[in-house]
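Each chain, letter by letter, is given below.
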Amino acid sequence: MTRGLTVAAAMMALGLATPARAQEGGLHNRIGPNLPTPSLTEPEPPAPASRTAATLSLAAVFAGSDKPLRSGLAWRIYEDRTDGVKPPIVARSDAPDPSFTLAPGAYVATVTYGFASASKRIAMAGAPVAETLKVNAGALKLSGAIGDARIPAAQVAFSVFVPIGTNSEGRLVRSGVKSGELLRLPEGTYHVVSTYGESNAIQRADLKVENGKVTDATLSHHAATVTLKLVAAPGAEAFAGTAFSVLTPGGDTIREAIGAFPQVVLAEGDYVLIARHDGQVYTREFKVESGMDRDIEVEAKPT
């Protein structure tokens, strides 16, 4: 045999592989039998750029002027949706000139000033936006008086209505408005009802609210406070636990009260007082004059 065959045969006799098989076996032993063969992969595409948020700056002015609104504001930012779903609020603020950081998209900015409001659609596209909303509104400031004397705030309250057609009290805007309170309203004409006390001392007025102005109005009442008493004689001590009824001359009940000397606010005019005590009934006619607070005594004697 040739020397080449002798070498090959000798290597096989010693349990050695041929050079080609030695390389294959060596690679197999170094990597291991269960690992996949390495392969080249394409680089992953870069992640899409994130949407850039930007600042929305807002302010409010009275319509028809550049006079800014600096108090009493409530801002809300809604998503502008067209799928019929109620849009969620994405931001809110009570600041006079707020700023919001918003992602690109369509929004509706709304500002309320008491019962008045304004809104505007806004598109955000990654750049700062500044908008000014115009609010058509003014305010009412109410108080009550008898002659030149101001009625204490705790004793008078107001209800404000929007007239509809010939009905002056067509739609209630708000009841229980306190004296001196600033009631912010859309521009227009309103019907105001002022109630002094808890009986029939009521005054009404139609007031106009102008854009950017405060309408300060005092409603004048013609009434007085009377103290009801049942006594054995004029100036004597009042009987406790007496039930009183105040009626008009026509018999309509205006007010009922129980006690030794309850106080009642009544509009000026003529009245009949009925006092009931220990199964007995006593009556008296009396007159109320505006601004003249006084005691009304009923004597406990047979009529």
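What counts, and where the lines are drawn
- Counting from 1, residues in each chain are numbered in the order their sequence is written.
- Side-chain atom pairs in this predicted model are given and counted only at pLDDT of 80 or more, local residue features only at pLDDT of at least 70, and totals for whole chains, interfaces and linings cover all residues.
- Neither water nor hydrogens contribute to the side-chain values; these are computed over all heavy atoms in the structure.
- Strands are runs of DSSP state E lasting at least two residues, helices are runs of H or I lasting at least four, and both sets are numbered from the N terminus onward.
- The buried label goes to any residue with under 20% of its type's maximum accessible area, the exposed label to any with over 50%, and the partly exposed label to all in between, with areas taken from a 1.4 Å probe on protein chains only.
- Any pair of residues with heavy atoms lying within 4.5 Å of one another is described as a contacting pair.
- What sets the accessible areas is the Shrake-Rupley method with a 1.4 Å probe; for residues, cover comes only from the shown protein chains.
- Note on pairing: DSSP must find at least two bridges between two strands before they are called paired.
- Each axis is a line fitted through C-alpha atoms, taken for helices only over the stretch in contact, and angles between the N-to-C directions span 0 to 180 degrees.
- Throughout this description, the term salt bridge denotes a Lys or Arg side-chain nitrogen within 4 Å of a carboxyl oxygen of Asp or Glu.
- A pair of aromatic rings is counted whenever rings of Phe, Tyr or Trp (Trp by its six-membered ring) have centres within 6.5 Å, and the orientation is called stacked for planes under 30 degrees apart, edge-to-face for over 60 and tilted otherwise.
- The criterion is simple. A nonpolar core is a set of buried Ala, Val, Leu, Ile, Met, Phe, Trp, Tyr and Cys residues joined through side-chain atoms within 4.5 Å.
- The predictor reports its confidence for every residue as pLDDT, a score running from 0 up to 100.

**Q** So what exactly am I meant to see when it comes to the overall build of the protein here?
**A** Check the secondary structure of the protein and you find 2 helices and 22 strands. Here the protein, with 303 residues, has 33% of them falling under the buried criterion. Of the contacts made within the protein by residues no fewer than 6 positions apart, 55% connect residues no fewer than 24 positions apart. Entry remark: accessible area of the protein is about 18,400 Å², with carbon and sulfur atoms responsible for 52%.

**Q** Would you take a moment to explain the sheet that holds strand β3 (residues 89-93) for this structure?
**A** In any sheet, the strands associate via hydrogen bonds between backbone groups, in a parallel or an antiparallel arrangement. Spatial strand order, β3-β2-β5-β6: 4 strands in an open sheet with antiparallel pairing. The open sheet has two free edges, formed respectively by β3 and β6 (116-124), since each of these has just one partner strand. On average, each strand axis in the sheet is tilted by 20 degrees relative to the strand beside it, whichever way the strands run. One ladder, built from 4 bridges, connects strand β2 (residues 73-79) with β3; its direction is antiparallel. When the bridges of β3 are listed, W75 appears paired with S93.

**Q** Where do I start with the pattern of salt bridges in this structure?
**A** Pairing between side chains of opposite charge can happen when their charged atoms approach one another. Under the criterion given, the structure shown has 12 salt bridges. The closest approach of N and O atoms between D80 and R121, which form a salt bridge, is 3.4 Å. In this pair, D80 sits in the loop between β2 and β3 while R121 sits in strand β6, placing the two residues 41 residues apart along the sequence. Judged by its relative accessible area of 25%, D80 falls in the partly exposed class. E210 serves as the salt-bridge partner of K213, at 3.7 Å between the closest nitrogen and oxygen. If you follow the salt bridges from partner to partner, you end up with E79, R81 and D83 in one network.

**Q** What is the right way to look at the packing of aromatic side chains in this model?
**A** The geometry of an aromatic ring pair is captured by two quantities: the separation of the ring centres and the angle between the planes. According to the stated counting rule, one finds 2 aromatic pairs in the structure shown. Consider the rings of F62 and Y113, whose centres lie 5.9 Å apart with planes at 90 degrees: the pair is edge-to-face. Of this pair, F62 sits in strand β1 (residues 54-62) while Y113 sits in strand β5 (residues 105-113), placing them 51 residues apart in sequence. Accessibility classification places F62 together with Y113 in one group, the buried group.

**Q** It is not clear to me how the sheet that holds strand β14 (residues 201-209) should be interpreted in this structure. Could you clarify?
**A** Spatial strand order, β11-β10-β13-β14: 4 strands in an open sheet with antiparallel pairing. A single partner strand is all that each edge strand has here, and the edge strands are β11 (167-178) and β14. Along the sheet, successive strands turn relative to each other by an average axial angle of 25 degrees, direction set aside. Bridge count between strand β13 (residues 188-196) and β14: 9 bridges; the pairing is antiparallel. The partner of V193 across the bridge, within β14, is R204.

**Q** Sorry, what's going on with the nonpolar core here?
**A** When a protein is soluble and globular, its nonpolar side chains tend to lie buried together. Of all hydrophobic cores here, the largest spans 24 residues; its most connected members are L56, L58, W75, I77, M124 and V135. Broken down by secondary-structure element, the contributors of at least two residues to this core are β1, β2, β4 (99-102), β5, β6 and β7 (129-135). Sorting elements by how many residues they give to this core places β1 first, with 5 residues. In contact with V135, other than residues within four places in its own chain, are A60, V61, F62, A63, L69, V111, Y113, A116, S117, A118 and N211. Counting 22 residues, the second-largest nonpolar core is a separate cluster that includes L142, V160, V192 and L219.

**Q** Honestly, the environment of V108 in this entry has me stumped. Any pointers?
**A** Here V108 is to be found in strand β5. Residue V108 is classed as buried on the basis of its relative accessible area of 18%. For the pair V108 and A123, spaced 15 residues apart in sequence, the C-alpha separation works out to 8.7 Å. Each residue touching V108, except ones within four places of it in the same chain, is listed here: R76, I77, Y78, D80, S119, K120 and R121.

**Q** Explanation requested: the confidence of the model for the protein in the structure shown.
**A** Should the pLDDT be low somewhere, the predicted coordinates at that spot are not to be read in detail. Within the protein, residue pLDDT values average 87, and 83% of them lie at 70 or more. Across the protein, the secondary-structure element scoring lowest on mean pLDDT is helix α2 (residues 19-31), at 44, and the one scoring highest is strand β17 (residues 242-247), at 98. Across residues 1-33, where pLDDT falls below 50, the model places 6 contacts with residues more than four positions away in sequence or in other chains.

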